[in-house]
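# Residue-level structure breakdown
Chain by chain, the residues run as shown.
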Amino acid sequence: MVAPNWSVLVPAKAVNAPKKELWLKVCDFVRGPRRLLVEASDEWKYDPNSSCGPGGDPSEGFDDRNLHKSALRGCLVAKIGGSAGDTPGSDKLFAVGSYCIFEIPENVGGSLFVTMNDDPKRFHLHEGSLTIKVSEAPLA
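None of these values were measured; they are calculated from a predicted model. (Residues numbered from 1 in each chain as written. Predicted model: local features only at pLDDT ≥ 70, side-chain atom pairs only at ≥ 80, totals over all residues. Heavy atoms only, no water.)

## So, the environment of Pro105
Basically, it comes down to this: Under the DSSP-based scheme used, a helix requires at least four consecutive residues in state H or I and a strand at least two consecutive residues in state E, with every element numbered from the N terminus. With a 1.4 Å probe rolled over the protein chains alone, any residue whose accessible area is under 20% of its type maximum counts as buried; one over 50% counts as exposed, and the rest are partly exposed. Note on contacts: a residue pair is in contact if any heavy atoms of the two residues lie within 4.5 Å.
In this structure, Pro105 sits in the loop between β8 (99–104) and β9 (109–116). Note on Pro105: relative accessible area 47%, which makes it partly exposed. In the structure, Pro105 is positioned 70 residues away from Arg35 in sequence and 8.8 Å away in space, judged by C-alpha atoms. Not counting residues up to four positions away in its chain, the partners in contact with Pro105 are Gly32 and Pro33.

In structure tokens:
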């Protein structure tokens, strides 16, 4: 199998921890079929005394109140489509962490959004930012 030929879709940029909206738009529009590579680094805080990298905080475990029920609190998560104020449910979200490759199927498209995995009632506690880079490759 030949490795994908990645092209940069979104150069490395700082993305602030969401405080007032559920989702932060990273890219206006992506459409499948396509492969996306998301890379993230740095640390943000899910509360004033607790910080983590893009993979989340293992000491917090999993919580059904978080947006993505099978990702750690603080983990970078993503979705395709919808709006900055909705969530399609955990089954449509991608736990990104510090490195993730996922495929967008044919006939799926929309904005690429990211957020911190947490209980939406706790978003007002968020601080800091991550650096995110997004690359794309066609499905061959």
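From this point, the narrative continues.
## Digging into the sheet that holds strand β7 (residues 94–95)
The strands making up a sheet associate through backbone hydrogen bonding, with each pair oriented either parallel or antiparallel. We count it as follows: Should DSSP find at least two bridges between two strands, the strands are taken to pair.
Read from one edge to the other, the open sheet built from four strands follows the order β2-β9-β6-β7, with strand pairing classed as antiparallel. Edge positions in the sheet fall to β2 (24–31) and β7, since each has one partner strand and no second. Examined bridge by bridge, strand β6 (residues 76–80) and β7 share two bridges and lie antiparallel to one another. Bridged to Val77 within β7 is Ala95.

## Let's talk about the state of the cysteines
Heads up, the condition is: The criterion for a disulfide is a pair of cysteine sulfur atoms lying within 2.5 Å.
Counted according to the given criterion, the structure contains zero disulfides. Left unpaired, Cys52 is separated from the closest cysteine sulfur, that of Cys75, by 8.2 Å. Here Cys52 falls in the buried class, since its relative accessible area comes to 4%. Its relative accessible area of 5% is what places Cys75 among the buried residues.

## Regarding the pairing of β9
Burial runs high along β9: seven of the eight residues are buried. Note: β6 against β9, five bridges, orientation antiparallel. Across the sheet, Ala78 pairs through a bridge with Val114, a residue of β9.

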